[in-house]
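Breakdown of the fold
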Amino acid sequence: MLTLLQAPAVANAEQPVEFGASPIVDTVDAVSADEAREVEAAIAEAADRSGRQLFVAYVSEFEDPADAGSWATETANDNNMGSEDYLLAVAIDGRAYHLSAAEDASLSAGDVDRIALEVIEPHLRDGDWAAAAIAGAEAIGGGGGSGGGLGWLWIVLLVAAAAVVVVVAIVLARRRARRAAAPAGPAAVPIEELRRQAGGALIDADDALKTSEEELGFAVASFGDEATADFRAALAAATAKVREAFGLQQRLDDHEPDTEGQQREWYAGILRLTAEAEEVLDAQAERFDALRALEQNAPQALARVEEAIRGAESAIGPAAARLQALTPQYAPSALASVADNPEQARARIAFARDSAAEAATAIGRGETGAAAVDIRAAEESADQARLLAAAVERLAADLGDADRAVAAGIDDLESDVRTARGMSDAALAELADRVEGEANALRADLGRAGRSPLDLAARLDATNREIDAAIQGARDAAVQARRTRAELDRTLLAARSRVQAAEDYLVARRGAIGAEARTRLAEAGRLVVEAQSLTATDAARALAAAQRADQLAGQAMTLAQQDVGGFGGAHGGTAASGGFGVPQGRGGSGGDVFGAVLGGILIDSMLGGGRRGGGFGGGFPGGSGGRRSSGGFGGGRRAPGSFGGSATRSRRGSGGRF
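All values derive from a computational prediction rather than experimental measurement.

The rules we used
Residues numbered from 1 in each chain as written. Predicted model: local features only at pLDDT ≥ 70, side-chain atom pairs only at ≥ 80, totals over all residues. Heavy atoms only, no water. Buried < 20%, exposed > 50% of the residue type's maximum accessible area, 1.4 Å probe, protein only. Helix = DSSP H or I, 4+ residues; strand = E, 2+ residues; numbered from the N terminus. Pairing = 2+ DSSP bridges. Core = buried A, V, L, I, M, F, W, Y, C linked by side-chain atoms within 4.5 Å. Contact = heavy atoms within 4.5 Å. Salt bridge = Lys/Arg side-chain N within 4 Å of Asp/Glu carboxyl O. Expected span 1.5 Å × (residues − 1). Arc of directions from axis to C-beta. Bend = angle between axes of the 7 residues up to and from the residue. Axes fitted to C-alpha atoms, helices over the stretch in contact; angles between N-to-C directions. Parallel < 35°, antiparallel > 145°, perpendicular 65-115°, else oblique. Left-handed = near helix turned anticlockwise from the far one by under 90°. pLDDT = per-residue confidence, 0-100. Right-handed = clockwise from strand over helix to strand, strands pointing away. Nonpolar A, V, L, I, M, F, W, Y, C, P; charged D, E, K, R; others polar.

A few words now on the pairing of strand β4 (residues 96–102). Residues in a regular strand point their side chains to alternate faces of the sheet. In terms of residue burial, β4 counts as a mostly covered element, since seven of its seven residues are buried. The pairing of strand β3 (residues 85–91) with β4 spans five bridges and is antiparallel. Directly across from Val90, in β4, lies its bridge partner Tyr97. Count of turn residues in the β3/β4 antiparallel hairpin: four residues, of which Arg95 carries a positive phi of about 55°. Bridge analysis of β4 against strand β5 (residues 651–657) gives seven bridges, and the strand direction is antiparallel. Residue pairing for β5: Tyr97 is matched across the bridge by Gly656.

Dropping the structure here:
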């Protein structure tokens, strides 16, 4: 249906409303069916152009709460509206309105205020309810003018009077070109607003990459490398752009002071690069959906997913047993990145099974579009369960390699001690005694239960650098190069292990993790690649890069764990606790749903009307058609309003009486 017409309340005052398949709720017959179609078309066009979605509620009067702003905020939260969802609430009889936006919306408070007062309100004063919504949608989407009053109509009249229509057309064309080149107008936007926009863009683009990587993996498994070569190339191009954007963010985050001009340049670069990356992926999205054709082949796709679920589930038991065996050997800090992986994997499997059951039911009803959406959710959830299980074994192998590298490093320390003792220097003899004591302590700690190989490696390297500096003159160049290479190998191993552990942790919990942790991890990954490329030509530079990568990866893990710990309240893990506000249901536990939300898995309107960012439309709450959420093959990033944080969000806005 094009409009959702709800029965008016008994009294001429209404509580917050619920949106269905349409972006319009009209309880007072404010607009006709034809006008509703025009409003919806304007909303859809603006959303496709900008990613900003307008919803419109026409009611008689605001009630419970009676304040327009509070009423709009409650309605937005009840309908799971998110960062780029805007709500225009109009009380026809109460002659009041409010344009509501999320606190982290891309439109600034000034933009929202201007649109409300200059674009929407003139039409409301004229009683043209449809025109108010259309003008608001166009302005929110970045294409509208100032609505009624003394807006563009006066400009056109003045231009006509002056007979310079052509000149004005040229000026307007150039202005549009400038806006296209710099859509956010970074020179006029406060630095803090640019920072917020860039952070959100990085998270969205990184999520789009990770989702696209998973989707491409599913497609390769079904159709082979040759059929998916173009998509792989698009993903590589988008990845390069996002990596460059993260590099700019790291420059902004480092300890070197930046001028305001540099900050604006780099934030604008981040916004440009992330937008370009999502455009690269979006350009392939339609062909990708056609390749997978889940809607046309839902029964076969469901069978493949059910097999994948069984395979992923079979790996959880061995992973849990492996983790249990590792627990007495290593310190909690060494296992922190996988400590809850079996639990998380079981939650993903439970959600995958629920989604597969929903898909089977939909297929039985002949609703193949709905089935395809559930198949995607089951597929992604099963893949995350597989990743969570595999991460345990991968970390076990890394810890074993680290143990062996530390043991070899202790042997080198003991060789240094012998060298220092043979140099007949009292100061060196004293240092040799101290280093020998540390070497013995390291060897003892390496054999103890509850150890952290990475911490031992850090102690080893600090001691090694101290004695190296003291006896460097006694070594020839070849020996020194060998020792530098040995330290490089140990540091690279530690850095790769930290980066991989942080990456595994982030991918399966990306619904909770912000831009700062992702930036540190991206830079750590870049430095590992740089260190590896320099090992044969410049071991000293390679060592410095590896050391910095190890440090940044540790920071990324700490920041990511903090984000997850604060996700959904202090409980951080159980939706049923009430911290996140996700309802239980779907035949599974609230915790299963919470795990899917935590993993950034695309979830449809079964959770209270929220949209799924999916390759099958996205669109309005509860609908299966409409616009695609940009950013990736098969759907890309979460649609605004899906599951980026608490179910109750603070909002801002503008409005008044008309």
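All right, on to the nonpolar core then. Core analysis: the biggest nonpolar cluster contains 36 residues, and Leu54, Tyr58 and Leu99 have the highest contact counts within it. Looking at this core, the elements with two or more residues in it are α1 (33–50), β2 (53–59), β3, β4, α3 (109–125) and α4 (129–140). No other element matches the nine residues that α4 contributes to this core. Non-local contacts of Leu99, meaning those with residues more than four positions away in its chain, are made with Leu54, Leu87, Leu88, Val112, Ile115, Ala116, Ile120, Ile140, Arg652, Gly653 and Ser654. Of all hydrophobic cores here, the second largest spans 30 residues; its members include Leu506, Ile513, Ala553 and Met557.

Okay, the pattern of salt bridges next. Within this structure, the stated rule accounts for 37 salt bridges. Notably, a salt bridge pairs Glu84 with Arg52, separated by 3.8 Å at the nearest N-O pair. With a gap of 32 residues between them, Glu84 in the loop between α2 (68–78) and β3 and Arg52 in the loop between α1 and β2 connect regions that are remote in the sequence. Given the relative accessible area of 15%, Glu84 is considered buried. Its relative accessible area of 19% is what places Arg52 among the buried residues. Among the ionic pairs, Glu436 bridges to Arg421, the shortest N-O distance being 2.6 Å. Remark: Arg421 occurs in helix α14 (residues 368–421) and Glu436 occurs in helix α15 (residues 426–446); sequence separation between them is 15 residues.

So, about α1. Taking 1.5 Å as the rise per residue, α1 with 18 residues should run 26 Å; its terminal C-alpha atoms sit 26 Å apart, in good agreement. Inspection of α1 places Ala36, Val39, Glu40, Ala42, Ile43, Ala46 and Ala47 among the buried residues, and these make up the whole buried set. Here the buried residues of α1 occupy an arc of 160° about the axis, which is enough to place them on one side. Buried residues along α1 sit against β1 (24–26), β2 and α4. Remark: Gly51 follows α1 within two positions and exhibits a positive phi of approximately 80°.

All right, on to α3 then. The terminal C-alpha atoms of α3 lie 23 Å apart, and with 17 residues this matches the ideal 24 Å at 1.5 Å per residue to within 8%. Remark: the principal bend of α3, roughly 30°, maps to Ala116. Three or more residues of α3 are buried, namely Val112, Ile115, Ala116, Val119, Ile120, Glu121, Pro122, His123 and Leu124. Those residues of α3 that are buried are in contact with β3, β4, α4 and β5. Among the residues trailing α3, Gly127 stands out with phi positive, at a value near 75°.

Inspection of the secondary structure puts Asp104 in the loop between β4 and α3. A sequence separation of 547 residues divides Asp104 from Arg651, and the C-alpha atoms of the two residues are 8.3 Å apart.

This paragraph deals with the packing of helix α18 (residues 515–534) against helix α19 (residues 539–565). Between α18 and α19, the shortest axis-to-axis distance is 7 Å and the interhelical angle comes to 160°. It follows that α18 is roughly antiparallel to α19 by the angle criterion. In this structure, α18 meets α19 at a crossing whose hand is left-handed.

Let us look at the sheet that holds β5. In spatial order, the strands read β1-β2-β3-β4-β5; together these five strands make up an open sheet with mixed pairing. Since the sheet does not close on itself, it has two edges, and those belong to β1 and β5, each with one partner. Neighbour-to-neighbour, the strand axes of the sheet open up by a mean angle of 10°, direction not taken into account. Bridge count for β2 against β3 is seven bridges, and the pairing is parallel. Paired with Phe55 across the strands is Leu87, a residue of β3. Strands in contact with α3 are β3, β4 and β5; relative to β4, the strand with the most contacts, it is inclined by about 150°.

A separate point is the confidence of the model for the protein. Low pLDDT marks stretches whose predicted atomic positions should not be read closely. Averaged over all residues, the pLDDT of the protein is 77; the fraction at 70 or higher stands at 76%. Mean pLDDT per element in the protein: helix α5 (residues 152–162) is the minimum at 37, and helix α11 (residues 316–326) is the maximum at 95. Predicted confidence for residues 144–184 stays below pLDDT 50, and this span has 27 contacts to residues more than four positions away or in other chains. A low-confidence stretch, residues 603–630 (pLDDT under 50), is modelled with 105 contacts involving residues beyond four sequence positions or located in other chains.

On to the pairing of β2. Of all seven residues that make up β2, seven are buried, and the element is covered over most of its length. Both faces of β2 are covered, namely the face carrying Gln53, Phe55, Ala57 and Val59 and the face carrying Leu54, Val56 and Tyr58. As defined by bridge partners, β1 adjoins β2 across three bridges and the pair is classed as parallel. Of the residues in β2, the one forming a bridge with Ile24 is Val56. In the classification by handedness, the crossover that spans β1, the intervening α1 and the parallel β2 is left-handed. Each parallel crossover has a hand, and the one from β2 via α2 to β3 is right-handed.

Their axes nearest at 9 Å, the elements helix α10 (residues 298–314) and α14 cross at an angle of 20°. In this view, α10 runs roughly parallel relative to α14, as classed from their interaxial angle. Of the two elements, α10 crosses α14, and the hand of that crossing is left-handed. Within the contact between the two elements, α10 uses Ala298, Ala301, Leu302, Val305, Ala308, Ile309 and Ala312 and α14 uses Ala371, Ile375, Ala378, Glu379, Ala382, Ala385 and Arg386. Looking at the contact of α10 with α14, its residues break down into 12 nonpolar, no polar and two charged.

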